[in-house]
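Residues per chain, in single letters:
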Amino acid sequence: MAGTGADGRHPEHVNQSALSGPADLVQARDVYGGVHFHSGDPQAVHPTPRQLPGDVRGFVNRVEELGSLNRMLTDDAVTTTLVVLCGTAGVGKTALALRWAHEVQHRFPDGQLYANLRGHDPGEPSRPDQVLDRFLRALGVPPSAVPTDAEDREALYRSQLADRRMLILLDNAATVRQIRPLLPGTSGCLVIVTSRTMLSGLVSRDGGRRLSLRILSEDDAVTLLQDVTAGYRADDDPGEMAELARLCARLPLALRIAAERAASRPHMPLAELIQDLRDESALWDALTAEEGDEADAVRCVFAWSYRALDTSAARLFRLIGLHPGTDFGVPAAAALADMPLPQVRQPLDALVGAHLLEQSAPGRYQLHDLLRAYAVDQVKHLESQESRHAALIRILTWYLHTADAALARSLPFYRTVPLEPPTDVTPLHFTTPDQADAWFTAEQDNLVAATRTAAEAGQPQIAWHLSILLRSIFMHRNAFDAWFTTAHTGLAAARSMADRRAEADAQESLGKAHFQARHLTEAAEHHQAALAIRRDIGDEHGIAVSINALGLLALRHRRLDEALAHFGESLDIVTRRDDRRWQALMLSNLAETRYELGDLTEAMHLLEQALTVQRDIDDRGQEGNSLFFLSMTLRELGRTDEALTAITAALAIAERGTTLWLAHWLVEYARVRRATDQPAQALEAAHRAATIQRQLGDLSREAMALDGAGEAYRDMGQPEQAVAFHRRVAAVHRRLGDHWQLAQTLDHLAAALTDAGNPEEAHRWRRETVALLEGFPDLRATRLRRRIEAELRGLGR
């Protein structure tokens, strides 16, 4: 349907934003070969990401290293664009990188990008294509404009950075392959990389300058201990402080943990604490073959601090090693530990206080990769197989049921596969769609990881069900990487269960993803596969859904008779099943097709039927969509006052939260305003529509909105502005291969060129429009072609 997702269901409340900007500031401009509006606010065009994490508290010395880094940046002989900070685990690479980045960020006014590449995490490291996706979105690239091909992403990323001065911090890299695709192609940016390895290829081939971090000097290590314990302990012997620093291998990570333990026991003599750590060190030396290794010293400190935890905090720490993602919230920790929400806060606070857990944001926590590896090791050794299995099932079940609860709040019609209430976890409850959307935003990466983990853990039912829930979210965020990943996982899970109904649902999800990504050939293949399974197992509702999907594909290709047949067949099935919502949906789809065929009377009749049902069952979203089509039909019938009433009612529905439809329906509102001789109001509506569509990442619909802006400018007697818009819109439609939209835009361009006094170029575009329209046999296209042919004949062309 023109105003819906791929299956016509009502979209989720995502990507909401406050839009502003007077119409007299609207301009046309190139972006990625496309177009967009912008107002006086430069951030509307070039966002300035500020992704740098906060500076490290208690940073000690590193004066020599900071001086070396500053000299690299100010060396007139060499332009430094890549700095590699390397050193052993826990030596303070990230702390130094953050301190220096905060000191020099003023040199890079276009912002900072940050990514933890998780090169040494126990889980999967971040892939360059995933990081590029996040970076491109942060740089203002619409989601649908992010290429699926990795090389194309790299090229677009470098193009985006070509005229910007930005600082990019790539933390915790493992290999050169992780880094190279993320390097800009300009000398105006600085990239800082941290790694435990030398990454020699970045120096020899990419011109990087390397700084190797050594462990702290004894004086600096003691200073760090004193800074952390200041205010808690007094009169500790400097020699004992030096001994404690030695036992921590003078590594900042270990020193902070040891200092925190000392600070938390202000009345315990430091000598006793040191003896405890010596005993731990002796035990560790007996269990390892690499005596004196720095990594052993760090693990000794981990074990020393871990053993000092109370039972609940220690158990929570090791269970965190089972969490599928990289960060988590308090409710997830409660589910993982099987503890009531109020009770889990105390062990979380204890872990943060012991520096064994980092609070990355309010209510969000994460582990240093070394500590995560230690937690994984502890849970394997100290929890039974049964206990580990139960904890993993709890957290996966919690994510599944909380996702279902969030979906129920924002998209109740999307809950196509009901879940039995959970018995061992308490999912979150959401009171508003915005609250549910915020949870999905915070947990998106974890939900993808949970889907993968469920499949790997032999829980295909959870993996499949998560993938089906998540498609409804990803559909309205254009989150194609996450969508394709989870959909493929869901398909494999369904096949492993030999569940053909589940397999068909997974095929449908992939079909929708490809449809929305404009991979129409692949979309058809998956929808045909789903239909074949559903016919084979006798799933009547599924058959109707798949046939509808094929109808939407035919409508996208403007094969209108084929679309009519598909929608009619689907309508017969859902009518026989007395599925009133889908019956109304099919009536609305048929009405849209009849409208495109030019059969306005039949379109009106179908829409009246659809609206009756939608109002009766309180399907407000689909009611708005039918009102949108009704406005289009009434406008073409010349009943503009009724059209205005219909589209205003549709916008009232959309304004209450459905941004996706608001953007699309505003274009019709602009058309109605033009039809009532109010071009300034039409321009304002088109401006708002284009701005939202740019944020949503739908280049095609953004172009349609801009085309309406061009028409409004022509009505206002400014044909030169209209020409500028139509040229750029035509470029978008040409690149997308949308010949129908291209033909309409070229017709508008020709009219604007004629008004601007350039008839020769106008004639050229009219001739191309006629050629394009010959590929469409329907009545609407035929009428348009004949009108343009008559104009050419009248001009002797």
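Predicted, not measured: the structure shown is a model, and the values here were computed from it.

A.B. asks: Sorry, what's going on with the overall build of the chain here?
C.D. replies: When helices and strands are tallied, the chain shows 34 helices and 10 strands. In terms of overall dimensions, the chain is globule-like: its C-alpha atoms have a radius of gyration of 31 Å, near the 28 Å expected for 797 residues. Along the longest, intermediate and shortest principal axes, the C-alpha atoms of the chain span 100 × 65 × 40 Å. Within the chain, buried positions represent 57% of all 797 residues. Put simply, the chain shows about 32,100 Å² of open surface, and 48% of that area lies on carbon and sulfur atoms.

A.B. asks: Looking at this structure, I do not really get the sheet that holds strand β10 (residues 364-366). What am I missing?
C.D. replies: Hydrogen bonds between backbone atoms are what pair the strands of a sheet, whose relative direction is either parallel or antiparallel. The antiparallel open sheet is built from three strands, whose spatial order is β8-β10-β9. Every interior strand has two partners, whereas the edge strands, β8 (327-329) and β9 (358-361), have only one. When the angles between neighbouring strand axes are averaged without regard to direction, this sheet yields 40°. Two elements, β8 and β10, share three bridges in a ladder whose sense is antiparallel. By the bridge assignment, Phe 328 is partnered in β10 with Tyr 365. Across the sheet, helix α13 (residues 330-337) lies against β8 and β10, angled at about 90° from β8, the strand it touches most.

A.B. asks: Sorry if this is basic, but what is going on with the pairing of strand β6 (residues 190-195) here?
C.D. replies: Regular strands place their side chains on alternate faces of the sheet. The buried fraction of β6 is high, at six of six residues. Burial along β6 is two-sided: the residues Leu 190, Ile 192 and Thr 194 and Val 191, Val 193 and Ser 195 are all buried. Relative to β6, strand β3 (residues 82-86) is paired through five bridges, and the arrangement is parallel. Pairing of Cys 86 across the sheet is with Ser 195, part of β6. With five bridges joining them, strand β5 (residues 167-173) and β6 adopt parallel strand pairing. Among the inter-strand pairings, Leu 167 is bridged to a residue of β6, identified as Leu 190.

A.B. asks: In this structure, what is going on with the sheet that holds strand β4 (residues 112-116)? I would like to understand it.
C.D. replies: With respect to topology, five strands assemble into an open sheet ordered β4-β5-β6-β3-β7, the strand pairing being parallel. Every interior strand has two partners, whereas the edge strands, β4 and β7 (209-212), have only one. Pairs of neighbouring strands in the sheet enclose a mean axial angle of 15°, with direction left out of account. Its contacts with the sheet place helix α2 (residues 93-104) against β3, β5, β6 and β7, and it is angled at close to 165° to β6.

A.B. asks: Which parts of the structure should I look at to understand the environment of Leu 322?
C.D. replies: Within the secondary structure, Leu 322 is located in the loop between α12 (311-320) and β8. Aside from chain neighbours lying at most four places away, what touches Leu 322 is Leu 336, Val 379, Arg 388, Ala 391 and Leu 392.

A.B. asks: I'm lost on α13 in this one. Help?
C.D. replies: Residues three or four positions apart in an α-helix share a direction because the helix packs 3.6 residues into each turn. With seven of eight residues buried, α13 is to be regarded as a mostly interior element. Those residues of α13 lying buried are Val 330, Ala 332, Ala 333, Ala 334, Ala 335, Leu 336 and Ala 337. Of the surrounding secondary structure, the elements contacted by the buried residues of α13 are α12, β8, α14 (341-353), β10 and α16 (385-410). Once α13 ends, the next one or two residues include Asp 338, with phi positive near 60°.

A.B. asks: Looking at this model, I keep getting lost on the environment of Ala 549. Mind explaining?
C.D. replies: Following the sequence through the fold, Ala 549 ends up in helix α22 (residues 540-556). Judged by relative accessible area, which is 8%, Ala 549 ranks as buried. Along the chain, Ala 549 and Gln 226 lie 323 residues apart, while their C-alpha atoms are 67 Å from each other.

A.B. asks: How should I be thinking about the packing of aromatic side chains in this particular structure?
C.D. replies: The description of an aromatic ring pair uses the distance of the two centres, along with the angle that the planes make with each other. Per the stated rule, a full pass over the model turns up 18 aromatic pairs. A ring pair is formed by Phe 628 and Phe 629, whose centres lie 5.2 Å apart and whose planes are at 45°; its orientation type is tilted. Across the pair, Phe 629 and Phe 628 agree in class, each one buried. Of the aromatic side chains, those joined through ring pairs into one cluster are Trp 398, Tyr 399, Phe 430, Trp 439 and Phe 440. In this structure, Arg 558 packs its charged tip against the face of Trp 740, placed 3.6 Å from the ring centre.

A.B. asks: I keep staring at the environment of Ala 603 and nothing clicks. Help me out?
C.D. replies: Topologically, Ala 603 is positioned in helix α25 (residues 600-616). Among all residues touching Ala 603, those that are not within four sequence positions of it are Ala 591, Arg 594, Tyr 595 and Thr 633.

A.B. asks: Is there a simple way to think about the pattern of salt bridges in this case?
C.D. replies: A side chain of one charge can pair with a side chain of the opposite charge when the charged atoms of the two come close. Applying the stated criterion across every chain yields a total of 53 salt bridges. In this structure, Asp 129 and Arg 127 form a salt bridge, with 3.0 Å as the shortest nitrogen-oxygen distance. By relative accessible area, which is 38% here, Arg 127 ends up partly exposed. Between Arg 581 and Asp 619 there is a salt bridge, with its nearest N and O atoms 2.8 Å apart. With Arg 581 in helix α24 (residues 580-597) and Asp 619 in the loop between α25 and α26 (620-636), the pair connects residues that are 38 residues apart, well separated along the chain. In this pair, the class of Arg 581 matches that of Asp 619, namely buried. Overlapping salt bridges, with partners in common, bring together Arg 674, Glu 711, Arg 714, Asp 715 and Asp 755 in one network.

A.B. asks: What is the right way to read the packing of helix α32 (residues 739-755) against helix α33 (residues 759-773) from this model?
C.D. replies: A pair of packed helices is captured by two measures, namely the crossing angle of their axes and the spacing between those axes. In the contact formed by α32 and α33, the axes pass within 8 Å of each other and the chain directions differ by 160°. The orientation of α32 with respect to α33, classified from their angle, is roughly antiparallel. The chirality of how α32 crosses α33 is left-handed. Where α32 approaches α33, its residues His 739, Trp 740, Leu 742, Ala 743, Leu 746, Asp 747, Leu 749, Ala 750, Ala 751, Leu 753 and Thr 754 are matched on the opposing element by Pro 759, Glu 761, Ala 762, Trp 765, Arg 766, Glu 768, Thr 769, Leu 772 and Leu 773. Its residues placed into classes, the contact of α32 with α33 shows 13 nonpolar, three polar and four charged.

A.B. asks: Help me understand unusual backbone geometry, please; the structure alone is not making it clear to me.
C.D. replies: Phi is mostly negative for residues that are not glycine, and the peptide bonds are mostly trans. Despite not being glycine, His 355 shows a phi value in the positive range, around 60°. The residue His 355 is located in the loop between α14 and β9 in this model. Given a relative accessible area of 34%, His 355 falls into the partly exposed group. Even without being glycine, Asp 618 reaches a positive phi, approximately 60°. Structurally, Asp 618 is set in the loop between α25 and α26.

A.B. asks: When you look at the confidence of the model for the chain in this model, what are you seeing that I'm missing?
C.D. replies: Low-confidence regions, as indicated by low pLDDT, have predicted coordinates that should not be scrutinised in detail. Summarising the model, the chain shows a mean pLDDT of 88, and 91% of its residues fall at 70 or more. Taken together, the stretch residues 1-45 has pLDDT below 50 and engages in 160 contacts with residues farther than four places along the chain or on a different chain. Low pLDDT, under 50, characterises residues 286-292; the predicted model gives this stretch four contacts beyond four residues in sequence or across chains.

A.B. asks: Would you mind going over the packing of helix α28 (residues 659-675) against helix α29 (residues 679-696) with me for this structure?
C.D. replies: At their nearest, the axes of α28 and α29 sit 8 Å apart, and the two run at 160° to each other. By the angle between their directions, the pair α28 and α29 is classed as roughly antiparallel. Taken as a pair, α28 and α29 cross one another with a handedness that is left-handed. Touching Thr 659, Leu 660, Leu 662, Ala 663, His 664, Leu 666, Val 667, Tyr 669, Ala 670, Arg 673 and Arg 674 of α28 are Pro 679, Gln 681, Ala 682, Ala 685, Ala 686, Arg 688, Ala 689, Ile 692, Gln 693 and Leu 696, all from α29. Residue composition of the contact of α28 with α29, grouped by class: 14 nonpolar, four polar and three charged.

Rules and cut-offs
Residues numbered from 1 in each chain as written. Predicted model: local features only at pLDDT ≥ 70, side-chain atom pairs only at ≥ 80, totals over all residues. Heavy atoms only, no water. Helix = DSSP H or I, 4+ residues; strand = E, 2+ residues; numbered from the N terminus. Rg over C-alpha atoms; globule rule 2.2 N^0.38 Å. Buried < 20%, exposed > 50% of the residue type's maximum accessible area, 1.4 Å probe, protein only. Areas by Shrake-Rupley, 256 points an atom, 1.4 Å probe, with all protein chains shown as cover. Pairing = 2+ DSSP bridges. Axes fitted to C-alpha atoms, helices over the stretch in contact; angles between N-to-C directions. Contact = heavy atoms within 4.5 Å. Phe/Tyr/Trp six-rings, centres within 6.5 Å; stacked < 30°, edge-to-face > 60°. Lys NZ or Arg CZ within 6 Å of the ring centre and 35° of its normal. Salt bridge = Lys/Arg side-chain N within 4 Å of Asp/Glu carboxyl O. Parallel < 35°, antiparallel > 145°, perpendicular 65-115°, else oblique. Left-handed = near helix turned anticlockwise from the far one by under 90°. Nonpolar A, V, L, I, M, F, W, Y, C, P; charged D, E, K, R; others polar. pLDDT = per-residue confidence, 0-100.

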